[in-house]
Amino acid sequence: MKRKMYPSLLQVTQLLCVLTLTVFSNMATAQNTYTFNFTGGQQTITLNPGTYTFQCWGANGGDNLGNGTSTYLQNGGKGGYSVGTYTLASATTVYVNVGGKGAVSTSALSTTVAGGYNGGGYGSANATSGKSSGAGGGGASHIALASGVLSSLSTNTTSIRIVAGGGGGAG
């Protein structure tokens, strides 16, 4: 079953993060799943004490539309996947940033192709050829205990709990 599900997960173009809460008591087991889809901005949730499983998928890289005369499509690289557990001793607000897919290539001259939300790299500028430039890279997804995209947390890396990198843009 897992084997059949994995390829379909790789086809997700905008990554998602999943938080799974499992609370154990003397008599019962409860599980809640919180899913965060790409919104282009940061999302928050306050979690009660307990042990959580965090899963993240990085966004796919942008697609290459061909060489300016061809319709041959090259797909961007697939985003990474990370999973781990984390225990909270008290109620805590966590910050979720779901990476965005990189922009597709362009045949416009002197155009830089945008990377996806949350750190996706820019595609190459197309200065003279009139052919497609490289597509933008996909953005990372991460969950942290502090507000901000990954680049703004570079001096506060201890607040980052999990990261899944974005895929490379086609080119």
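Residues numbered from 1 in each chain as written. Predicted model: local features only at pLDDT ≥ 70, side-chain atom pairs only at ≥ 80, totals over all residues. Heavy atoms only, no water.

1. Overview of unusual backbone geometry
Let me state the cut-off plainly: Here a helix means four or more residues in a row that DSSP labels H or I, a strand means two or more in a row labelled E, and each is numbered from the N terminus. Note on exposure labels: buried denotes an accessible area under 20% of the residue type's maximum, exposed denotes more than 50%, and partly exposed covers the range between, all computed with a 1.4 Å probe on protein chains only.
One non-glycine residue with positive phi stands out, namely Asn118, at about 80°. Tracing the backbone through its elements, the reader meets Asn118 in the loop between strand E6 (92-97) and strand E7 (141-144). Overall, the relative accessible area of 6% leaves Asn118 in the buried class.

2. As for the environment of Asn60
To keep things clear, this is the line we draw: Identification of polar contacts relies on pairs of N or O atoms within 3.5 Å, with a donor-acceptor requirement for protein atoms, meaning one able to donate a hydrogen and the other able to accept it, and with residues adjacent in sequence counted only if both atoms are side-chain atoms.
Locating Asn60 in the fold gives a position in the loop between strand E4 (50-57) and strand E5 (81-88). The spacing of Asn60 and Gly79 is 19 residues in sequence and 4.7 Å in space, taken between C-alpha atoms. Among the polar contacts listed, one links the side chain of Asn60 to the backbone nitrogen of Gly79, at a separation of 3.2 Å.

3. Side note on a nonpolar patch on the surface
Test applied: Every patch collects residues that have over 30% relative accessible area and no salt bridge, joining them within 9 Å if they carry like charges and within 5 Å if they are nonpolar side chains (Val, Leu, Ile, Met, Phe, Trp, Tyr). For the area figures, the Shrake-Rupley method with a 1.4 Å probe applies, and any residue is considered shielded solely by the protein chains shown. When a carboxyl oxygen of Asp or Glu lies within 4 Å of a side-chain nitrogen of Lys or Arg, that pair is called a salt bridge.
Taken together, the side chains of Leu65, Leu73 and Val104 define a hydrophobic patch exposed on the protein surface, amounting to about 240 Å² of accessible area. Relative to the elements of secondary structure, Leu73 occurs in the loop between E4 and E5.

4. What to know about the pattern of salt bridges
If you walk through the whole model with that rule in mind, you get 1 salt bridge. With a closest N to O distance of 3.2 Å, Lys101 and Asp63 form a salt bridge. Note that Lys101 is positioned in the loop between E6 and E7 and Asp63 in the loop between E4 and E5, a separation of 38 residues in sequence. Its relative accessible area of 24% is what places Lys101 among the partly exposed residues.

5. What about the packing of aromatic side chains?
Worth spelling out the cut-off: The criterion for an aromatic pair is that two Phe, Tyr or Trp rings (for Trp, the six-membered ring) have centres within 6.5 Å, with stacked assigned to planes under 30 degrees apart, edge-to-face to planes over 60 apart and tilted to the rest.
Counting across every chain of the model gives 4 aromatic pairs. Summarising the aromatic geometry, the rings of Phe38 and Tyr117 are spaced 6.4 Å apart at their centres and angled 65° between planes, so their arrangement reads as edge-to-face. Placement of the pair is Phe38 in the loop between strand E2 (29-37) and strand E3 (42-47) and Tyr117 in the loop between E6 and E7, with a sequence separation of 79 residues. Classification of Phe38 by relative accessible area gives partly exposed; the value is 32%.

6. Concerning the nonpolar core
Rules: Among buried residues, the Ala, Val, Leu, Ile, Met, Phe, Trp, Tyr and Cys ones that are joined through side-chain atoms within 4.5 Å form a nonpolar core.
By size, the foremost hydrophobic cluster in this structure holds 13 residues, and its most contacted members are Leu47, Phe54 and Ile143. Of all the elements in the fold, those that place two or more residues in this core are E3, E4, E6 and strand E8 (160-164). Looking at this core element by element, the count peaks at 3 residues for E4.

7. Here we look at the confidence of the model for the protein chain
Note the threshold: The predictor's confidence in any single residue is recorded as pLDDT, a number from 0 to 100. The contact criterion used throughout is that any non-hydrogen atoms of two residues lie within 4.5 Å.
Chain-level statistics for the protein chain give a pLDDT mean of 82 and a share of 77% at 70 or above. Low pLDDT, under 50, characterises residues 1-13; the predicted model gives this stretch 8 contacts beyond four residues in sequence or across chains. Across residues 22-28, where pLDDT falls below 50, the model places 8 contacts with residues more than four positions away in sequence or in other chains.

8. Topic: the sheet that holds E3
Quick reminder of the rule: What makes two strands pair is DSSP finding at least two bridges between them. Working convention: axes come from line fits to C-alpha atoms, limited for helices to the stretch in contact. Angles between N-to-C directions cover 0 to 180 degrees.
In space, the 4 strands of this open sheet follow the order E3-E6-E7-E8, with antiparallel pairing throughout. Each end of this open sheet is capped by a strand with a single partner; those strands are E3 and E8. For this sheet, the mean inter-axis angle between neighbouring strands, taken without regard to orientation, is 15°. As paired strands, E3 and E6 are joined by 6 bridges and run antiparallel to one another.

9. Let's talk about the pairing of E4
The element E4 is extensively covered by neighbouring structure, given that 6 of its 8 residues are classed as buried. Relative to E5, E4 runs antiparallel, the two being bridged by 8 bridges. Paired with Thr51 across the two strands is Thr87, which belongs to E5.

10. Regarding the pairing of E6
Where E6 meets E7, 3 bridges bridge the pair, whose relative direction is antiparallel. Following the sheet pairing, Val96 is matched in E7 by Ile143.

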